[in-house]
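What follows is each chain in one-letter form.
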Amino acid sequence: MGIIITIAVIVLIVLWVISVQRKLVNQDELCQNAMSTIGVQQESRWDALTGMVELIKSYNEHEYNTLRDVIAQRRPIDARSSAQDVEAQEGLIGKVAAGIDVVVEKYPELKANENYGKAMDAVDKYTNMVRTSKMVYNDTATNYNKLIRQIPDSIVASLFGFKGRDYLKTEDKKTEMPSLKI
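Below is a short write-up of the structure. (Residues numbered from 1 in each chain as written. Predicted model: local features only at pLDDT ≥ 70, side-chain atom pairs only at ≥ 80, totals over all residues. Heavy atoms only, no water.)

A closer look at the packing of helix α2 (residues 61-71) against helix α3 (residues 83-106)
Stage number 1. It is at 9 Å that the axes of α2 and α3 come closest, and there the two elements cross at 170°. It follows that α2 is roughly antiparallel to α3 by the angle criterion. Counted together, Glu63, Leu67, Val70 and Ile71 of α2 and Leu92, Lys95, Val96, Gly99, Ile100, Val102, Val103 and Lys106 of α3 form the full contact between these two elements.
Stage number 2. Of the residues assigned to the contact of α2 with α3, the class counts are eight nonpolar, one polar and three charged. (Axes fitted to C-alpha atoms, helices over the stretch in contact; angles between N-to-C directions. Helix = DSSP H or I, 4+ residues; strand = E, 2+ residues; numbered from the N terminus. Parallel < 35°, antiparallel > 145°, perpendicular 65-115°, else oblique. Contact = heavy atoms within 4.5 Å. Nonpolar A, V, L, I, M, F, W, Y, C, P; charged D, E, K, R; others polar.)

Observations regarding the environment of Val123
Stage number 1. Topologically, Val123 is positioned in helix α5 (residues 114-149).
Stage number 2. For the pair Val123 and Leu30, spaced 93 residues apart in sequence, the C-alpha separation works out to 26 Å.

Re the packing of helix α1 (residues 2-56) against α5
Stage number 1. Between α1 and α5, whose axes approach to 8 Å, the crossing angle comes to 165°. As the angle between them shows, α1 and α5 are arranged roughly antiparallel. α5 is crossed by α1, and the crossing has left-handed handedness.
Stage number 2. For the contact of α1 with α5, the per-class residue count stands at 24 nonpolar, ten polar and four charged. (Left-handed = near helix turned anticlockwise from the far one by under 90°.)

Laid out in structure tokens, this is it:
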């Protein structure tokens, strides 16, 4: 009788460990998916900015070359990217946007270009989508981080090497959505 109870307890513990591990994997995958979504939207925003930079070429060759050099530094964001990777890419996007602002101030006729308007609309659209995706990522990371920190799930998380996720931060000065429109 004692052996049956011992085996039953062991089976219940094993089933519990499997259940918790599956729950942790599910939450980890949700975090990776949310990060990938940010990457896809950020890539679309890069494409729109690249189109705007191509328009600048006919107005100012030096600014064009400077902005192309910044764009060449971009790196893809994927499921395994970190919050720091996303923030680094956001910093590069900010440099390109600021450079475009400078050129548009010097050449106001650029703003009247139909392709510029379309690219600007695309940048705004993808900026909003990235912002929303960052919120989704942070919510998903919160749920995941709570799971790996709360007892008893934290025991299984540490056994299987689950690590916490960093949050994407919004700088105080970026509480309003920046606009490239002048």
